[in-house]
Amino acid sequence: MAIATQKTAAETAYLEGFDAGGDWLAAERQKGFDAFAVTGLPHRRMEDWKWTDLRQLIGKAYPPAKGGAVGDIDALAAKCPLKDIARGHLTFVNGEYDAGRSQLPASGDVEVTALSTASSALPIGETAADPIDGLNRAYVTDGAFIRIKAGSNADAPLELVFINSSRAEATFTTRNVIELEDGASATVFETHMGGHDAYVSNSVTEVRLGNGARLDRVKLQMEGAASYHLSNLKADLGAEAKLQDFTLTMGSATTRQQGFITFNGEHTDATVSGAFLLNRKQHNDTRLVVDHKVPNCVSRELFKCVMDDEARGIFQGKVIVRQDAQKTDGKQSSHALLLSPTAEFDAKPELEIYADDVVCGHGATSGDLDENLLFYLRARGIPEKKAKSMLISAFVAESFDDVDNEAVRDVLKDLADSWLAAR
Amino acid sequence: MLEIKNLHVSVEEDNKAILNGVDLTVNAGEVHAIMGPNGSGKSTLSYVLAGKDGYEVTDGSVTYMGKDLLEMAPDERAAEGVFLAFQYPIEIPGVATMQFLKVALNSQRLARGEGELSTPDFMRLVKSRAETLKVNQDMLKRPVNVGFSGGEKKRAEILQMAVLEPSLCILDETDSGLDIDALRVVAEGVNALRSPDRAMVVITHYQRLLDYIVPDHVHVLSKGRIVKSGGKELAQELEKDGYANYSDEAA
Ligand SMILES: Nc1ncnc2c1ncn2[C@@H]1O[C@H](COP(=O)(O)OP(=O)(O)O)[C@@H](O)[C@H]1O
Ligand SMILES: [Mg+2]
């Protein structure tokens with residue numbers, strides 16, 4: 001965490017573009033800025049960032065910005081794959097709440113507010129020693145605050161839509177809070193879409209689950225092809241709670257997404273899974289830290305990653321089992337399918353176990369398509385391209401099984417199939 | 001229909017010669033049995049006919065329906081009517097059996113310039129074939145061969161054959177791993193497909209299957225060559241005397 005001696009253009013733009021503002025977020029922004037001013041952008045000499053040197057990768061200046069969207073926002077909004085399944089929508093365009101593209105659920109038990117419209121302070125989460133969180137806190141312009149009252153459910157899915165499209169290089173920063181009180185349940189989609197010019201998107205979601213609460217979250221990362229997507233999921237889980245989290249990553253040139261899952265109450269289950277569909281020179285570095293602080297919890301992580309052309313996928317998964325966390329059951333696996341000799345996958349699984357009565361494991365595989373499977377399909381008359389598509393689709397779809405909602409699974413399959421059809 | 005001449009095949013990886021001059025002519029309407037000790041090259045012959053990678057044809061030719069079979073891609077061969085029932089059918093996780101069958105059948109139909117079969121017509125076809133072969137609906141709902149017993153896998157191969165209606169059926173040890181009842185069901189399924197314009201090459205280690213699928217010709221493959229050919233009585237002879245006269249040990 002050394003202070004960067006020489007600031008990059010991007011860092012200078014962030015430092016000079018800071019404005020705490022006069023609203024209830026001013027103090028939070030100042031905290032984020034102070035943290036960022038010390039660390040600067042993360043770089044490869046930081047252990048967790050060795051594959052994704054943001055100081056190097058974000059070459060140009062992307063000053064913090066808000067609004068001013070260009071291009072066909074309607075077309076991007078119309079392309080959101082989950083829009084017909086969702087029952088409520090909250091849309092942010094270039095980091096700014098768009099009331100015209102939002103329909104909020106009308107229920108007193110479900111509180112949904114855009115941060116920019118809140119008149120008093122909302123709990124947006126403690127500061128974390130993390131560069132994405134620092135940047136996010138410093139430059140947050142808007143985001144969704146969702147609170148489900150104890151015992152009520154918002155199972156009709158609510159969709160948070162983020163559309164970024166800017167001709168000028170800019171950084172758009174949103175922050176969301178999903179707070180489920182005891183016994184509450186909700187399904188929340190996050191859809192990230194973008195135009196084709198380069199921009200940086202920074203989006204953090206804070207999840208707080210009370211005792212017995214359940215959240216199903218599905219994130220689609222379909223940002224513009226030249227963009228950078230930086231994001232955190234931070235989830236703090238109470239007792240007997242359940243988190244089902246799924247992320248499909250297809251967009252952006254460079255993606256760094258992180259998940260910090262903490263078990264604070266016993267008998268809680270968390271499944272964090274996802275799929276990568278990457279081609280060209282796309283780069284996705286996914287890092288998860290699952291922290292078992294209490295006994296009797298179950299964590300599952302399954303990532304199915306498909307890389308074509310010169311794409312590069314990275315999965316860094318760490319499971320920590322604290323001394324008190326007996327009877328922890330934690331399994332993590334990442335599987336990669338490399339469709340070209342120049343595609344690459346790196347996995348760094350880590351288990352840090354301080355308790356003695358636990359069942360934990362990890363597995364990582366990486367390879368190309370199985371020739372015997374391919375031959376079997378072709379021997380039945382299926383042409384090579386179609387046979388490959390069927391096998392790749394089957395490979396990715398295994399991760400979709402972690403999504404309970406069948407309509408969502410169908411959308412995920414369609415997305416994978418259209419990605420394959422475009423190969 | 002099929003004419004194999006002086007076929008020499010070796011493994012690409014280590015240049016090991018496996019087939020050393022196979023000659024075989026199969027006419028439409030005929031059933032040929034190929035018998036031989038383990039390791040004699042029976043599966044290799046079936047793979048080379050189906051178009052599997054990893055083998056090098058160092059000499060000889062294979063003509064199928066007047067065309068050079070070895071020039072065709074595996075899926076082209078299938079569309080032209082070549083079908084191999086695998087000795088060891090593999091599991092394909094995540095690919096549903098019905099979807100697999102439908103894509104296979106319609107790919108073949110498209111390649112032949114026929115229209116795709118509609119979903120209801122396809123369902124009817126599979127259902128009727130599955131009933132004949134006593135393949136239950138539950139098997140059809142699973143991914144291809146996943147969780148099937150050895151016998152179920154073999155029956156599923158014959159079901160695929162019955163749905164795809166090939167012209168040249170190559171059955172590689174379809175009898176192994178089947179109990180007598182299953183063997184009878186499979187043989188009935190195969191016999192139902194016998195027709196004047198279809199030929200079958202039945203590869204087996206044991207004579208037992210040939211009690212049910214009665215061949216017109218029997219060939220003995222040993223060390224990569226057909227060393228003896230005859231009528232169905234040759235199979236009985238082999239049953240009695242074993243392969244001792246043909247195996248490496250005897251040589
Ligand atoms: N891919 C391969 N690589 C090396 N050796 C092989 C390969 N395939 C077959 N063989 C060898 O070729 C011989 C014939 O095998 P196979 O055709 O499977 O015989 P069969 O089916 O008659 O038992 C065996 O000695 C086997 O080990
Ligand atoms: Mg064999």
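Residue positions are given per chain, counting from 1 as you read along its sequence in written order. Chains carry letters and ligands carry numbers; both start at the beginning, A for chains and 1 for ligands, and go up in the order they are written. Confidence filtering applies because this is a predicted model: local features only for residues at pLDDT of at least 70, side-chain atom pairs given and counted only at 80 or more, and all residues used for totals across whole chains, interfaces and linings. Water and hydrogen atoms were dropped before computing side-chain values, which therefore reflect all heavy atoms in the structure.

### A few points about the domain arrangement of chain A
Residues and elements named next belong to chain A.
(1) Moving on: By the assigned domains, chain A splits into domain 1 (65–124 + 131–369) and domain 2 (370–423).
(2) Moving on: Throughout, the edges of the domains are those of an automatic or database domain assignment. With centres defined by C-alpha atoms, the gap from domain 1 to domain 2 works out at 24 Å.
(3) Moving on: Summed over both sides, the interface of domain 1 with domain 2 buries roughly 2,300 Å², with 74% coming from carbon and sulfur.
(4) Moving on: Contact with domain 2 buries surface across domain 1, with Leu 277, Lys 304 and Leu 369 losing the most and accounting together for 30% of the total.
(5) Moving on: The rule for a salt bridge is simple: a side-chain nitrogen of Lys or Arg has to be within 4 Å of a carboxyl oxygen of Asp or Glu. Applying the counting criterion to the domain 1 and domain 2 interface returns three salt bridges.
(6) Moving on: Residues adjacent in sequence count toward polar contacts only when both atoms are side-chain atoms; beyond that, a polar contact is any pair of N or O atoms within 3.5 Å, and within protein one must be able to donate a hydrogen and the other to accept it. Taken together, the connections running from domain 1 to domain 2 amount to eight residue pairs in polar contact (both at pLDDT 80 or more).
(7) Moving on: Segments assigned H or I by DSSP are reported as helices when at least four residues long, segments assigned E as strands when at least two residues long, and all are numbered from the N terminus. Mapped by element, the contributors of at least two residues to the side of domain 1 that touches domain 2 are β9 (214–222), β11 (242–249), β13 (269–278), β15 (298–307) and β17 (329–338).
(8) Moving on: When residues of the side of domain 1 that touches domain 2 are assigned to their parent elements, the largest contribution, six residues, is made by β13.
(9) Moving on: Here the term charged refers only to Asp, Glu, Lys and Arg, the term nonpolar to Ala, Val, Leu, Ile, Met, Phe, Trp, Tyr, Cys and Pro, and the term polar to all other amino acids, Gly among them. Counted by class, the side of domain 1 that touches domain 2 contains 21 nonpolar, six polar and five charged residues. Buried area is a sum: the accessible area each of two parts loses on coming together, probed at 1.4 Å, counted once for each and added.

### Thoughts on the interface of chain A and chain B
(1) Moving on: Counting residues at the interface gives 17 residues for chain A, matched by 32 residues for chain B.
(2) Moving on: With both sides pooled, the region where chain A packs onto chain B buries about 1,900 Å², and carbon together with sulfur makes up 70% of that total.
(3) Moving on: Of all residues in chain A, Phe375(A), Tyr376(A) and Arg380(A) give up the largest surface area on contact with chain B, accounting jointly for 42% of the area buried on that side.
(4) Moving on: Between chain A and chain B we count two salt bridges in total.
(5) Moving on: Arg380(A) is the salt-bridge partner of Glu157(B), the closest N and O atoms lying 2.7 Å from each other.
(6) Moving on: One can count nine residue pairs in polar contact (both at pLDDT 80 or more) joining chain A with chain B.
(7) Moving on: Looking at the side of chain A that touches chain B, the elements that each hand over two or more residues are α6 (371–379) and α7 (384–400) of chain A.
(8) Moving on: If you tally residues by element for the side of chain A that touches chain B, the top one is α6(A), at eight residues.
(9) Moving on: Its residues assigned to classes, the side of chain A that touches chain B comprises ten nonpolar, two polar and five charged. The contact criterion used throughout is that any non-hydrogen atoms of two residues lie within 4.5 Å.

### Things to note about the packing of aromatic side chains
Aromatic ring pairs are reported here in terms of the distance separating the ring centres and the angle at which the planes meet.
(1) Moving on: Stacked, edge-to-face and tilted are the three classes for Phe, Tyr and Trp ring pairs, Trp counted by its six-membered ring, which pair at centre distances within 6.5 Å; planes under 30 degrees apart are stacked, over 60 edge-to-face, the rest tilted. Per the stated rule, a full pass over the model turns up 17 aromatic pairs over all chains.
(2) Moving on: Ring centres of Phe92(A) and Phe162(A) lie 5.5 Å apart, and the angle between their planes is 15°; on these two criteria the pair is classed as stacked. Of this pair, Phe92(A) sits in strand β1 (residues 88–93) while Phe162(A) is found in strand β5 (residues 153–164), placing the two residues 70 residues apart along the sequence. Across this residue pair, the class does not change: Phe92(A) and Phe162(A) are buried.
(3) Moving on: Between the aromatic rings of Tyr47(B) and Tyr55(B), the centroid separation amounts to 6.3 Å while the plane-to-plane angle is 25°, which identifies the pairing as stacked.
(4) Moving on: Following the ring pairs from residue to residue traces out a cluster consisting of Phe375(A), Tyr376(A), Tyr47(B), Tyr55(B), Phe86(B) and Phe100(B).
(5) Moving on: Charge-over-ring placement is defined geometrically: NZ (Lys) or CZ (Arg) within 6 Å of the ring centre, and within 35 degrees of the ring normal. We note Arg256(A) situated over the ring of Trp49(A); from NZ or CZ to the ring centre the distance is 3.7 Å. Relative accessibility under 20% of the residue-type maximum defines a buried residue, over 50% an exposed one, and the middle range a partly exposed one, all with a 1.4 Å probe and only protein chains included.

### Focus on the site of ligand 1
Residues and elements named next belong to chain B.
(1) Moving on: Residues are classed as near a molecule or strand on a simple rule: at least one heavy atom within 4 Å of it. Around ligand 1, the surrounding shell consists of Val 11, Lys 16, Ile 18, Pro 37, Asn 38, Gly 39, Ser 40, Gly 41, Lys 42, Ser 43, Thr 44 and Tyr 55.
(2) Moving on: Taking Gly 39, its main chain carries an N or O atom lying 2.8 Å from an oxygen atom of ligand 1.
(3) Moving on: The backbone of Lys 42 places a nitrogen or oxygen atom 2.9 Å from an oxygen atom of ligand 1.
(4) Moving on: The element best represented in the shell around ligand 1 is helix α1 (residues 42–50), accounting for three residues.
(5) Moving on: Residues belonging to the shell around ligand 1 are distributed by class as follows: four nonpolar, six polar and two charged.

### Some words on the coordination of the magnesium ion (ligand 2)
(1) Moving on: Counted as donors are the N, O and S atoms within 2.8 Å of the metal, or 3.2 Å for Na, K and Ca, while water is not among the atoms, so some sites may look incomplete. At this site the magnesium ion (ligand 2) is bound by Ser43(B) (OG) and Gln87(B) (OE1), with donor distances of 2.1 to 2.2 Å. Here Gln87(B) lies in the loop between β6 (82–85) and α3 (97–111) and Ser43(B) lies in helix α1, a separation of 44 residues in the sequence.

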